[in-house]
Amino acid sequence: ENAVHTLKDLGVSRPKLSDPVNLFLNVELDRNGTLTPKPLQSRAGDYILFRVLIDCFCVVSSAHKNTGGWAEGVATALQVKSLNSVP
């Protein structure tokens, strides 16, 4: 919902958005498809580097608090950098 509202505010028309991916959440998926929250394994300072090969929008969101028992610990701020270099 955050992405939909933000893109609308920017006047960007969008196709159907794909399902979000939570890169730092730790869950177990059992054979029945049930998701079970597990203790967080990521720490402040962990990072992910993406190489984007096509023009695209990348939407980043961070929960301001842990809800629904889906995380243990404290949510920390995200830092997003664009390297803007093509090898």
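Residues numbered from 1 in each chain as written. Predicted model: local features only at pLDDT ≥ 70, side-chain atom pairs only at ≥ 80, totals over all residues. Heavy atoms only, no water.

Considerations on the side chain of N26
Then, number 1: Position of N26 relative to the elements: it lies in the loop between α1 (2-9) and β1 (27-29).
Then, number 2: Here N26 falls in the buried class, since its relative accessible area comes to 18%.
Then, number 3: Side-chain polar atoms of N26 contact the backbone oxygen of P39, separated by 2.7 Å.
Then, number 4: Among residues more than four places away in sequence, those in contact with N26 are T36, P37, K38, P39, L40 and Q41. (Helix = DSSP H or I, 4+ residues; strand = E, 2+ residues; numbered from the N terminus. Buried < 20%, exposed > 50% of the residue type's maximum accessible area, 1.4 Å probe, protein only. Polar contact = N/O pair within 3.5 Å; in protein donor to acceptor, adjacent residues only side chain to side chain. Contact = heavy atoms within 4.5 Å.)

Description of the confidence of the model for the chain
Then, number 1: In this model, the chain carries a mean pLDDT of 76, and residues with pLDDT of at least 70 account for 79%.
Then, number 2: Within the chain, α1 has the poorest average pLDDT of any element, 80, and β1 the best, 87. (pLDDT = per-residue confidence, 0-100.)

A few points about the environment of V60
Then, number 1: Note that V60 resides in the segment after β2 (35-37).
Then, number 2: Relative accessible area serves as the criterion here: at 46%, V60 is assigned to the partly exposed category.
Then, number 3: For the pair V60 and L78, spaced 18 residues apart in sequence, the C-alpha to C-alpha distance is 8.7 Å.

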